[in-house]
Amino acid sequence: MERKMRTMALEDAPLIRAHGRTGPSRSPLALFWTGSGIELVVTGTELWLEVEASFGSYEPWFSLLVNGAPVSRQMAQEGRRWVPVFRGMDPRTAKRVRFVKETQAMSGDPACALLLHGLRTDGELLPVPERARRIEFVGDSITSGEGAVGAQAEEDWIPMWFSALDSYGWRTAEALDADCRILSQSGWGVLSGWDNDPRSRMPAVYEQTCGLLGGERNAALGALEPHDFGSWQPDAVVVNLGTNDSGAFRSPQWTCAETGQTFKQRLKDDGSFHEEDLQAFEAAAEQFLGRLRACNPQAWIVWAYGMLGIEMMPSLYRAVDAHARRTGDRRVAVFQLPAMTARTQGARQHPGAEAHRQAAEALAEHLRGLLHER
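Computed from a predicted model, the values in this text were never measured in an experiment. Position numbers for residues count from 1 along each chain, tracking the sequence in the order it is written. Owing to the predicted nature of the model, reporting of local features is limited to residues with pLDDT of at least 70; listing and counting of side-chain atom pairs is limited to 80 or more, with chain, interface and lining totals taken over all residues. Heavy atoms from the whole structure form the basis of all side-chain values; hydrogens and water molecules are not counted.

## A few points about unusual backbone geometry
In this chain, Ser27 is followed by Pro28 through a cis amide linkage whose omega measures 0°. Relative to the elements of secondary structure, Pro28 occurs in the loop between β2 (17–19) and β3 (29–30). Despite not being glycine, Gln349 shows a phi value in the positive range, around 60°. Helix and strand assignments follow DSSP, with helices taken as H or I runs no shorter than four residues and strands as E runs no shorter than two, numbered in order from the N terminus. Within the secondary structure, Gln349 is located in the loop between β18 (332–336) and α7 (353–370).

## With respect to the side chain of Asn240
For Asn240, the position within the fold is in strand β14 (residues 236–240). Within 3.5 Å is the distance limit for a polar contact, defined as a pair of N or O atoms, with the added protein rule that one can donate a hydrogen and the other accept it, and that residues adjacent in sequence qualify only through two side-chain atoms. Among the polar contacts made by the side chain of Asn240, one reaches the side chain of Tyr168 at a distance of 3.4 Å. Contacts are assigned to residue pairs with any non-hydrogen atoms lying within 4.5 Å of each other. Ignoring any residue separated from it by four or fewer positions in sequence, one finds Asn240 in contact with Val138, Gly139, Asp140, Ile142, Thr143, Tyr168, Ala304, Tyr305, Met307 and Leu337.

## Notes on the environment of Leu370
Its place among the elements puts Leu370 in helix α7. Only protein chains enter the accessibility calculation, which uses a 1.4 Å probe; a residue whose area is less than 20% of its type maximum is buried, one above 50% is exposed, and one in between is partly exposed. Relative accessible area serves as the criterion here: at 16%, Leu370 is assigned to the buried category. Distance in space between the C-alpha atoms of Leu370 and Gly352 is 27 Å, their sequence separation being 18 residues. Not counting residues within four places of it along the chain, the set of residues in contact with Leu370 comprises Trp300 and Val302.

## Observations concerning the sheet that holds β14
By this definition, two strands are paired if DSSP reports at least two bridges between them. Within the open sheet, the five strands sit side by side as β13-β12-β14-β17-β18. Their pairing is parallel. The sheet is open, and its two edges are formed by β13 (178–184) and β18, each paired on a single side. Adjacent strand axes in the sheet meet at a mean angle of 20°, parallel and antiparallel pairs treated alike. Contacting β12 (133–139), β13 and β14, helix α1 (residues 168–175) crosses the sheet at an angle of about 165° to β13. Note on geometry: axes are lines fitted to C-alpha atoms, helical ones only across the stretch in contact, with angles between N-to-C directions running from 0 to 180 degrees. Across the sheet, α7 is in contact with β12, β14, β17 (300–305) and β18; its angle to β17 comes to roughly 160°.

## Quick look at helix α6 (residues 313–327)
Each helix should span, by expectation, one fewer than its residue count multiplied by 1.5 Å. Helix length check: α6 (15 residues) gives 21 Å between terminal C-alpha atoms against 21 Å at 1.5 Å per residue, within 8%. For α6, the complete set of buried residues consists of Met313, Ser315, Leu316, Ala319, Val320, Ala322, His323 and Ala324. The inward-facing, buried residues of α6 abut α5 (275–295), β17 and β18. Taken from the residues just after α6, Gly328 is the one with a positive phi, measuring 80°.

## Observations regarding the pairing of strand β7 (residues 69–75)
Two strands pair when backbone bridges link them, and strand β6 (residues 61–66) and β7 are joined in this way by six bridges, in the antiparallel orientation. Paired with Val66 across the bridge in β7 is Ala69. Hairpin connection between β6 and β7: a loop of two residues separates the two successive antiparallel strands, and Asn67 in this loop has a positive phi of roughly 55°.

## Topic: the packing of aromatic side chains
Two rings belonging to Phe, Tyr or Trp (six-membered ring only in the last case) form a pair when the distance between their centres is within 6.5 Å. Interplanar angles under 30 degrees mark stacking, angles over 60 mark edge-to-face geometry, and anything in between is tilted. The tally for this structure, following the rule as stated, stands at seven aromatic pairs. Here the aromatic rings of Phe62 and Phe99 are separated by 4.6 Å at their centres, their planes lie at 20°, and the arrangement is stacked. You can see Phe62 sitting in strand β6 and its partner Phe99 sitting in strand β9 (residues 95–101), a full 37 residues away along the chain. Assigned by exposure class, Phe62 and Phe99 land together as buried. Between Tyr206 and Phe288, the ring centres sit 5.7 Å apart and the planes meet at 80°, which makes this aromatic pair edge-to-face. One end of the pair, Tyr206, is in the loop between α2 (202–205) and α3 (216–220); the other, Phe288, is in helix α5, with 82 residues separating them in the sequence.

## Considerations on α5
Taking 1.5 Å per residue, 21 residues should reach 30 Å; α5 reaches 30 Å between its end C-alpha atoms and fits that length. Within α5 the residues assigned to the buried category are Asp277, Leu278, Phe281, Glu282, Ala284, Ala285, Glu286, Phe288, Leu289, Leu292, Arg293 and Cys295.

## Here we look at the environment of Trp82
Examined against the element boundaries, Trp82 turns out to sit in strand β8 (residues 79–86). By relative accessible area, which is 23% here, Trp82 ends up partly exposed. Linking Trp82 and Val51, residues 31 residues apart in sequence, is a C-alpha distance of 6.2 Å. Every residue in contact with Trp82, bar those within four places of it in the chain, is listed here: Thr7, Trp48, Leu49, Glu50, Gly118, Leu119 and Arg120.

So this is what it looks like as structure tokens:
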């Protein structure tokens, strides 16, 4: 029997669940961060999604999952078009489908956008089952999954080497039956980016929907609006920052082209970190912990670090201890992630999929203890 296809806008499909920090509109739904997307349960033989993409330098990539298994990973084509998810499946069975943005928000490309408009199917939508937990991840290129796909020899800085699905954050959430949100940006840190640019600080944009994006279109889509923390409260916030702050000590001084302002994390003559600059990093980390606690009053806050070196670990312990002593906060911890090895290295000298798997396994076990899961 021929089944009739019907088309509906996302705003007319309340059973579809949006994932990630997004703007207020579902017409269209803007996917800013890595790991963001939609999830739906649908019967029928066929499903298509209406996807729109734009970009200048860095195109977005996305993956499609059916019943938890990845079935497609592709570069988004510029423009607005229908993307097939499945065809010819048993019309009576319910399929749990996810559309996942694989690439991070591209702060260097204000034209980059990935939007979802609607769906076309011959089936019926059903409620999406709730997961047991919610976890938020805040980090840099490691959390963005940079290098998680691709050969070790790859050095081009292109979106193809990014993967949300292979990242430790996504894998940790899957292990704990958790919805996750991932806020991450390559090269960014706590006090400055890897190049000493003090504007590349994740704490500075944390309270916006996606404050690191530029351009009029991203602003119109709601990227710069204050985030409504009451709309989604996590059980745990995992912070993986510090790797780029460590790198800044060995990078040249940053100079602002407009004002001439300079900034530099300094090394002493013996190669050790300058104490004043280390203290500035620790103060920034402690301040960020206070902001995280204010925004997420009931969550465990875990500073997870170590996949690409542990130089900042003593400073992170001091920052967490200082925050706990000052506020009495006892739901904050430091966790050392397993280090990448020569065998588990991926593209661009970053952790590969196996390194992320090992990190997720260790982190999930740690969080399971904190969240009293058995």
